[in-house]
Every structure is written in structure tokens, then in C-alpha cells.
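Summary of structural features
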Amino acid sequence: MSVAQNIDAVRERIEAAARRCGRHSREIALMGVTKTQPANSIIEAYQAGLRLFGENRVLEFSGKTAAVHELPGAEWRLIGHLQSNKVVKAARLFQGVDSLESLRTAEKLNDAAASAGKRLPVLIEVNLGGEASKTGVSVPSADFEELMRAARRLAALEFQGLMTVPPYTADAEGARPFFRALRQIRDEVASRDLPSVGLETLSMGMSHDFEVAIEEGSTCVRVGTAIFGERPRL
Ligand SMILES: *Cc1c(COP(=O)(O)O)cnc(C)c1O
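Residues numbered from 1 in each chain as written. Predicted model: local features only at pLDDT ≥ 70, side-chain atom pairs only at ≥ 80, totals over all residues. Heavy atoms only, no water.

**Some words on the overall build of the protein chain**
The test is simple: Secondary structure elements follow DSSP: runs of H or I of four or more residues count as helices, runs of E of two or more count as strands, with numbering from the N terminus. Throughout, radius of gyration means the C-alpha value; the globule benchmark is 2.2 Å times the number of residues raised to the power 0.38. Here the term buried applies to any residue with accessible area under 20% of the maximum for its type, exposed to any over 50%, and partly exposed to those in between, with areas from a 1.4 Å probe on protein chains only. Contacts between residues were defined by any pair of non-hydrogen atoms, one from each residue, lying within 4.5 Å. Values of accessible area rely on a 1.4 Å probe in the Shrake-Rupley scheme; residue burial ignores everything except the protein chains shown. The charge count treats Lys and Arg as positive and Asp and Glu as negative. His and the chain ends do not count. Just so you know, the charge point we use is NZ for Lys, CZ for Arg, CG for Asp and CD for Glu.
Looking only at helices and strands, the protein chain has nine helices and nine strands in total. A globule of 234 residues ought to have a C-alpha radius of gyration of about 17 Å, and the protein chain, at 17 Å, matches this closely. Summarising its shape, the C-alpha atoms of the protein chain cover approximately 45 × 40 × 30 Å along the three principal directions. Within the span of the protein chain, comprising 234 residues, buried residues form 52% of the whole. The contacts of the protein chain with a sequence gap of at least 6 include a subset with a gap of at least 24, amounting to 63%. Per element, the accessible surface of the protein chain, about 11,100 Å² overall, is 49% carbon and sulfur. Positive and negative side-chain charges in the protein chain, numbering 30 and 30 respectively, have mean positions lying 3 Å apart.

**Details of the site of the ligand**
Rule in force here: Any residue with at least one heavy atom within 4 Å of a molecule or strand is counted as near it. Definition of a polar contact: a pair of N or O atoms within 3.5 Å, with one able to donate and the other able to accept a hydrogen when the atoms are protein atoms, and with sequence-neighbouring residues admitted only if both atoms are side-chain atoms.
Surrounding the ligand, one finds Val33, Lys35, Asn56, Ile79, Val165, Met206, Ser207, Arg222, Val223, Gly224, Thr225 and Arg231. Within the side chain of Lys35, one N or O atom sits 2.6 Å away from an oxygen atom of the ligand. Residue Ser207 places a side-chain N or O atom 2.5 Å away from an oxygen atom belonging to the ligand. Contact with the protein chains covers 89% of the free accessible surface of the ligand, which is 390 Å².

**Describing the pairing of strand β7 (residues 157-163)**
As a reminder, the rule being used: In short, DSSP must find at least two bridges between two strands for them to pair. Looking down the strands as they point away from you, a crossover is right-handed if its path from the first strand over the helix to the second goes clockwise.
Across the seven residues of β7, six count as buried, placing the element largely inside the fold. Alignment of strand β5 (residues 120-127) against β7, held across six bridges, turns out to be parallel. Note that in β7 the partner of Glu125 across the bridge is Met163. Relative to strand β8 (residues 197-203), β7 runs parallel, the two being bridged by four bridges. For Phe159, the partnering residue across the bridge sits in β8 and is Val197. Remark: the β7/helix α7 (residues 176-191)/β8 crossover connection has right-handed handedness.

**Description of the pattern of salt bridges**
Defined as follows: For this analysis, a salt bridge means a side-chain nitrogen from Lys or Arg found within 4 Å of a carboxyl oxygen belonging to Asp or Glu.
Tallied over the full model, the rule gives 16 salt bridges. Where Arg192 meets Glu145, a salt bridge forms, and the shortest distance between an N and an O atom there is 2.9 Å. Of the two residues, Arg192 sits in the loop between α7 and β8 while Glu145 sits in helix α6 (residues 142-150), which places them 47 residues apart along the sequence. Classification of Glu145 by relative accessible area gives partly exposed; the value is 25%. Residue Arg176 is joined to Glu173 by a salt bridge in which the shortest nitrogen-to-oxygen separation is 2.8 Å. Overall, the relative accessible area of 17% leaves Arg176 in the buried class.

**Things to note about the packing of aromatic side chains**
To keep it simple, the criterion reads: Any pair of Phe, Tyr and Trp rings, taking the six-membered ring for Trp, is counted once the centres come within 6.5 Å. Such a pair is stacked with planes under 30 degrees apart, edge-to-face with planes over 60 apart, and tilted for the rest. For a lysine, the NZ atom is tested; for an arginine, the CZ atom; a charge sits over a ring if that atom is within 6 Å of the ring centre and within 35 degrees of the ring normal.
Tallied over the full model, the rule gives three aromatic pairs. On the basis of an interplanar angle of 35° and a centroid distance of 4.8 Å, the ring pair of Phe61 and Phe94 is categorised as tilted. With Phe61 in helix α3 (residues 58-68) and Phe94 in the loop between α4 (87-93) and β4 (96-100), the pair connects residues that are 33 residues apart, well separated along the chain. Overall, Phe61 belongs to the buried group, its relative accessible area being 2%. The ring of Tyr46 carries Arg51 above its face, with NZ or CZ at 3.7 Å from the centroid.

**A word on α3**
We apply this condition: When we speak of the arc, we mean the arc of directions from the helix axis to the C-beta atoms.
Taken together, the buried positions of α3 are Val58, Glu60, Phe61, Lys64, Thr65 and Val68. Down the axis of α3, the smallest arc covering the buried residues is 150°, so these residues share one side. Opposite its buried face, α3 presents the exposed residues Gly63 and Ala66, each directed more than 90 degrees away. Close packing links the buried residues of α3 with α2 (39-47), β2 (52-55), β3 (75-78) and α4.

**Section: the pairing of β3**
Sheet topology note: the β2/β3 ladder contains four bridges and is parallel. Opposite Glu55, over in β3, you have Leu78 as the bridge partner. The β-α-β motif built from β2, the intervening α3 and the parallel element β3 has right-handed crossover chirality. Inspection of the sheet shows β3 paired to β4 by two bridges, in the parallel sense.

**Focus on the side chain of Ser25**
Mapping Ser25 onto the fold places it in the loop between α1 (3-20) and β1 (29-33). Looking at Ser25, its side chain comes within polar contact range of the side chain of Glu15, at 3.0 Å. Setting aside residues up to four positions removed in sequence, Ser25 forms contacts with Ile14, Glu15 and Ala18.

Okay, here's the thing in C-alpha cells:
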């Protein structure tokens, strides 16, 4: 199967999952996760109509930008851990950061975005699996509350919602309680009506569980393997 055929197949599955739960597939963005994938696969996906891409590492992506910067309309978002010494580069290279997990990084990213003259869309990555998932901020926690409070003064960041990577379970159904929990956190925060925190986006669901995530309210599925095949080892 080619990348283009895989994208068609994933789009059909998104469509079917949305229909099953009475949603419209227009509400669900498809992000192609391109970590470890070479530029030619990315260009193939672009030519098949994909416009939203996720990369895990700032340096890996910076090595690809020469090959992909001429794809008009393509949107690149960071979905992996952001180290504080990569914040300036990340603010310059990406159109969004979906893996914000601390106030410290948020403050640095805010300064870097302001210096780069842009307002950067961000998602807060929520850790729902405790020890089993090592990234993201726990909820409830003082760190999460601190981030919510800071959103107002971090004017160069546009808070758009939440992201999560649940602990791996062989069966997609195993992820359902985590997806449901993320949605409940979103609804709880939304009920507080904080003016500077937008919460429309729920980024959840990967190749093996995105249909379950759609049933639980996902608005962005992050799909790597089902589009590009098994990742080449770096
Ligand atoms: C790798 C990765 C994905 C995609 O995983 P697949 O199982 O290949 O679809 C999605 N989200 C994040 C944060 C990832 O690191």
C-alpha cells in the first residue's frame, strides 16, 4: 500500500467512526506523525492532500525543514517533549506545540514566540497514566492549576486544548477510559469559563486506537504507522 492509499483508508475509518457516534468527520483533524520518516514520504503524504503534520523532536525536524519548507499550507506541530534549550528553535520552526507540560517551558516558549513575532497555538499535554506515561502534567495538580492561571499573562501563546498519550494497551478498548478522562477534564475546565483558555481541541488517538478516541470526542487524531508503515529505526 502506498502512503496515499493508506491516507484514504485512514480517512474512511475516521468517517465511519464519526458516523457511528453521530459526529461529522469535519470536526476531526488528521495529523500525520512523521517522526523518523524521510522527506520523500512526507512529500507523498502532502501530495495526497495531508496538511497537518506532527514531529516529536526539534532537532530531527530542523534537519528536514530544507526539504519540506516549500510545501505551501503545511502545518507543523511539535508533539514530543520540549527541552528548555530547544524552545527558541521550536518557536521558530513550528506552527504549534501540542506537548506543553510545565509552566517553566510555557514561560520560555511565550518569550520565544513573542521575540519571533508570533502567537503560537499550544495544547497542554495531560498525563493520565501516572508512572506508566512519563510525559505530560498530572490532573489534578498544582502544576496544572498554575498553567491555567498563567495562560492569561502568556499572551504570545494561544491555549487551544488538551493532548494525551495514554499508556499502551494491546487492545484499543483499553485506551477508552483515558480518552474519556481527558474529555471530562476538558469539560470541567471549560465550565470554569477562563477567558484565556480555549479548549476546543482534544488531541487523542493514534494508529491503533483512533476510532475509540473519536467515539470519546477526539478532534485531532495523530496517526503515524497506519499512514507511513512501520517506522524505520534511527
Ligand atoms: C509516534 C506518536 C504518534 C503516532 O503513533 P502511531 O502509533 O505510529 O500512529 C502519535 N502521537 C505521539 C505523541 C507520538 O509520539
